[in-house]
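In case you want the letters, here they are:
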Amino acid sequence: QVQLVESGGGLVQPGGSLRLSCAASGSIFSRVNAMGWYRQAPGQERELVAAISGDTTNYADSVKGRFTISRDNAENTLYLQMNSLKPEDTAVYYCNAAIYRFGLRKGNYWGQGTQVTVSS
């Protein structure tokens, strides 16, 4: 299967930066063709923050221009560079990996999450 482990969360002041990492492994990780970052704040639904598939990236409107998603395929690692952080970015951030075949999702995997807190 696929295992995902997030790291890099913590406490940061407004306007600061953090870089989240997601280390991926597993017997079928080679089949993964889409990855992304989601977040969930208390009392809120889980929302997509950023996704990457091939050379295509997608961002939530709330983070465009501030966050950047990237991959290091050689290291099987997904990153989320977060700049100009705001208190509204406070949430648990989750790494996601998905397998698509012929336009249909055949697998979906989640990490356990890492806490990001933006506060003075």
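The structure we're discussing is the one just above.
On a predicted model such as this, the values are computed, not experimentally measured, just so you know.

Right, let's get into the packing of aromatic side chains. Enumeration according to the criterion identifies 1 aromatic pair in this entry. Taken together, a centroid distance of 4.9 Å and an interplanar angle of 65 degrees make the contact between Y38 and W110 edge-to-face. One end of the pair, Y38, is in strand 4 (residues 34–40); the other, W110, is in strand 10 (residues 104–110), and 72 residues separate them in sequence. Its relative accessible area of 22% is what places Y38 among the partly exposed residues. Under the relative-accessibility criterion, W110 is labelled partly exposed at 35%. For the cation-ring pair, R46 lies above Y94, with the distance from its terminal atom to the ring centre recorded as 3.8 Å.

As a further point, take the pattern of salt bridges. Overall, the coordinates contain 4 salt bridges when judged by the stated rule. R39 is paired through a salt bridge with E47; the nearest N and O atoms lie 2.8 Å apart. Relative accessible area serves as the criterion here: at 6%, R39 is assigned to the buried category. What emerges from the salt-bridge pattern is a single network uniting R39, E47, R66 and D89.

What follows is about unusual backbone geometry. Even without a glycine there, the phi angle at S84 is positive, about 50 degrees. Here S84 shows up in the loop between strand 8 (77–82) and strand 9 (91–101). On the basis of relative accessible area, S84 is assigned to the partly exposed category, the value being 40%.

Cut-offs applied
Residues numbered from 1 in each chain as written. Predicted model: local features only at pLDDT ≥ 70, side-chain atom pairs only at ≥ 80, totals over all residues. Heavy atoms only, no water. Phe/Tyr/Trp six-rings, centres within 6.5 Å; stacked < 30°, edge-to-face > 60°. Helix = DSSP H or I, 4+ residues; strand = E, 2+ residues; numbered from the N terminus. Buried < 20%, exposed > 50% of the residue type's maximum accessible area, 1.4 Å probe, protein only. Lys NZ or Arg CZ within 6 Å of the ring centre and 35° of its normal. Salt bridge = Lys/Arg side-chain N within 4 Å of Asp/Glu carboxyl O.

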